[in-house]
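Per-entry structural report
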Amino acid sequence: MKTACIIVCGFLLVATATAGNGGSAYTMFGIGDLNFSPSVRSAGMGYTGIALPSANAINTLVPATWSRIARVRIDASALYEGINTADASAKLYQAKGLFNGVHLAIPLSPAHGIVFGAGIIPYSRVAYNTSFSGTQAGVDYRMNEIGSGGLTKAQVGLSYAPFEELAVGATLNYLFGKRATERTLIPLSSNVWGGTLFIDEGQSGTNVTLSALFTGLGRVSETLRPFSLGFMLTTRANLSSSLTHRLETLAEVDTIRLGERNLTIPIGFGIGAGYQLGERWLFAADYYTQAWNDARVHGVPFTNIRNSNRFGIGAEKLPLKDATSWSDKLAYRLGFVYEATYYRLNGEPINMWGATGGITMPVSGETRLNIGLEYAQRGVQQQPLVRDRFIRVSFALTIAEPWFIRYEEE
């Protein structure tokens, strides 16, 4: 009977994926929901910013954009996320507050665009509570599955501007985290034992991000002077993974350590364009893709996964230079994002679209409070799939400090 219980617990059915407490049922696939939020500023502009240099914002995805930071900046952010999940028969709203990263940028040589950056941000999140029914070896059963955890990215990097109109940057990224799965088997027959299978998987590995930013199109034509171009590439990451299974039944507890295995996270590539209209308006468009068809778990392709593609557009109204009134010191943002996510379930591609907005307001000196708003929707409300509607509010406090500034003596 113990052997039959292990077989059933290890057999994952996706006949019905009804979301429960925790998050979206989609996060049970792949490595969970991918966190794509270079900054709260970016989130307000449709998650764009590959081609936008800034002296005030830290873009964690594109280190080349750090080159114009002239003061030490510390950026700490948090996220409120509400999810309304609906399948063919039920709806559920869940809300949670999440840590969304902290980053430090230190200008070592502002004249040469040399800025050191370091930080830690979420990379993926797993949070679901699903239930489904099935039959295995002639036994009717109900299975409840709870998943949690995800990956975190710690990074260190540098930007450098060899020329006034060209900046490059790179980061070394360390990915680490743990995914926990709890599967409880409830037989519908009284003469069969049930049990709970606990699966713990720790993962870690590294990759590198390379980026470049060019603002010198005015050399080609004066009409192109307001444009900027950006590029970023993140290399493949090979993560080592340690896997442990623990089965608990009424009769005994059995732990199996399955040893090391490999998880491959594929290469990601993004390009962007920016356009500055006058002194107060910025426009941006970005495209980002990641080749998830190349992802492997111990040499085996992921199931229910495809390549992902994301396109975003955004606009920002900049603060008025030398503003005296508080309202003229505000920045406003709008954006739109569309993503063919890396989920594909039962042959159905899961796509997402979202509308975003944001504002930056002064707090004290050069310290700023950034707020980003987003409404997004993905999936379809038809059996066996679910539709997720998101409301996200992100906050970031950016503190500026005048380190390493040499003052003349009187």
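Above this text is the structure in question.
A brief look at the structure comes next. These numbers were taken from a predicted model, which means no experiment stands behind them.

1. Re the layout of surface pockets
Its boundaries defined by the atoms lining it, the largest pocket holds a volume of some 1200 Å³. The wall of the largest pocket is formed by 41 residues, among which Pro 53, Ser 54, Ala 55, Asn 56 and Leu 318 lie closest to the centre. In terms of residue class, the lining of the largest pocket is built from 16 nonpolar, 10 polar and 15 charged. Taken as a whole, the second largest pocket spans an internal volume of roughly 820 Å³. Along the wall of the second largest pocket there are 32 residues; nearest its centre are Met 28, Gly 30, Arg 179, Arg 183 and Arg 261. For the lining of the second largest pocket, the secondary-structure elements that each account for two or more residues are strand 4 (114-136), strand 5 (139-163), strand 6 (166-187), strand 7 (195-214), strand 9 (237-248), strand 10 (253-265) and strand 14 (300-301). Here the lining of the second largest pocket gets five residues from one element, more than from any other, and that element is strand 6. Partitioned by chemical class, the residues of the lining of the second largest pocket number 16 nonpolar, 10 polar and six charged.

2. As for the pattern of salt bridges
A side chain with one charge may pair with a side chain of the opposite charge, provided their charged atoms come close. Scanning the entire structure with this criterion turns up 13 salt bridges. The salt bridge involving Arg 310 is made with Glu 339; its shortest N-O contact spans 2.7 Å. Residue Arg 310 is found in strand 15 (residues 308-317), and its partner Glu 339 is found in strand 16 (residues 331-345); the two are separated by 29 residues along the sequence. An identical accessibility class is assigned to Arg 310 and Glu 339; each is buried. Via salt bridges that share partners, Asp 33, Arg 378 and Asp 388 belong to a single interconnected network.

3. Regarding empty space enclosed by the protein
By the definition in use, this model includes seven cavities of 30 Å³ or more. Of the pockets and cavities examined, the largest cavity occupies roughly 850 Å³. Lining of the largest cavity is provided by 50 residues; of these, Leu 34, Asn 35, Phe 36, Ser 37 and Arg 310 occupy positions nearest its centre. Of the residues that constitute the lining of the largest cavity, the class distribution is 22 nonpolar, 18 polar and 10 charged. Looking at the second largest cavity, its volume works out to about 120 Å³. Taken together, 14 residues form the lining of the second largest cavity, with Pro 38, Ser 39, Thr 60, Asp 75 and Ser 77 sitting closest to its centre. Of all the secondary-structure elements, those providing two or more residues to the lining of the second largest cavity are strand 2 (72-86) and strand 3 (91-109).

4. Notes on the nonpolar core
By size, the foremost hydrophobic cluster in this structure holds 24 residues, and its most contacted members are Tyr 26, Ile 31, Leu 239, Ile 265, Trp 292, Phe 302 and Tyr 343. Setting aside residues no more than four positions away along its own chain, Tyr 343 makes contact with Tyr 26, Thr 27, Phe 29, Gly 32, Asp 33, Asn 304, Ile 305, Arg 306, Glu 348, Pro 349, Ile 350 and Arg 378. Residues Tyr 47, Leu 61, Met 232 and Tyr 288 belong to the second largest nonpolar core, which totals 12 residues.

5. Remarks on the pairing of strand 16
Two strands pair when backbone bridges link them, and strand 15 and strand 16 are joined in this way by nine bridges, in the antiparallel orientation. Considered in strand 16, the bridge of Gly 314 is made with Gly 335. Looking at chain direction, strand 16 and strand 17 (residues 348-364) are connected through 12 bridges and run antiparallel. When the bridges of strand 17 are listed, Ala 331 appears paired with Thr 360. Here strand 16 folds back onto strand 17 in antiparallel fashion, the turn holding two residues, of which Asn 346 has a positive phi close to 55°.

6. Some details on the packing of aromatic side chains
The description of two aromatic rings rests on the distance between their centres and on the angle between their planes. A complete count under the given rule lists nine aromatic pairs for this structure. Ring centres 5.0 Å apart and planes at 50° place the aromatic pair Phe 36 and Tyr 288 in the tilted group. Of this pair, Phe 36 sits in the loop between strand 1 (33-34) and helix 2 (40-44) while Tyr 288 sits in strand 12 (residues 281-290), placing them 252 residues apart in sequence. Residue class for Phe 36 comes out buried when judged on its relative accessible area of 16%. Classification of Tyr 288 by relative accessible area gives buried; the value is 10%.

Conventions adopted
- Residue numbers restart at each chain and count upward from 1, following the sequence in its written direction.
- Residues qualify for local features only when their pLDDT is at least 70, as the model is predicted, and side-chain atom pairs are given and counted only at 80 or more; totals for whole chains, interfaces and linings, by contrast, use all residues.
- For the side-chain quantities, the full set of heavy atoms in the structure was used; hydrogens and water were omitted.
- A cavity here means a set of points on a 1 Å grid, drawn over the protein atoms and nothing else, where a 1.4 Å probe fits but cannot get out; a pocket is an open set with protein on both sides within 12 Å along at least five of seven lines, and a residue lines either one if it has an atom within 4 Å of a point.
- Grid points are joined across faces, edges and corners, and a volume is the space filled by probe spheres set on the points.
- Lys, Arg, Asp and Glu make up the charged group, whereas Ala, Val, Leu, Ile, Met, Phe, Trp, Tyr, Cys and Pro make up the nonpolar group; the residues left over, Gly among them, are polar.
- The secondary structure listing takes helices from DSSP runs of H or I that are at least 4 residues long and strands from runs of E that are at least 2 residues long, numbered from the N terminus.
- By convention in these notes, a salt bridge is any Lys or Arg side-chain nitrogen within 4 Å of a carboxyl oxygen on Asp or Glu.
- With a 1.4 Å probe rolled over the protein chains alone, any residue whose accessible area is under 20% of its type maximum counts as buried; one over 50% counts as exposed, and the rest are partly exposed.
- Within this scheme, the nonpolar core is defined by two criteria: the residues are buried Ala, Val, Leu, Ile, Met, Phe, Trp, Tyr or Cys, and they are joined through side-chain atoms within 4.5 Å.
- It only takes one pair of heavy atoms within 4.5 Å for two residues to be counted as in contact.
- Note: two strands are recorded as paired if DSSP finds a minimum of 2 bridges between them.
- Pairs were defined over the aromatic rings of Phe, Tyr and Trp, the Trp ring being its six-membered one, requiring ring centres within 6.5 Å. Orientation was assigned from the angle between planes: stacked under 30 degrees, edge-to-face over 60, tilted for the rest.

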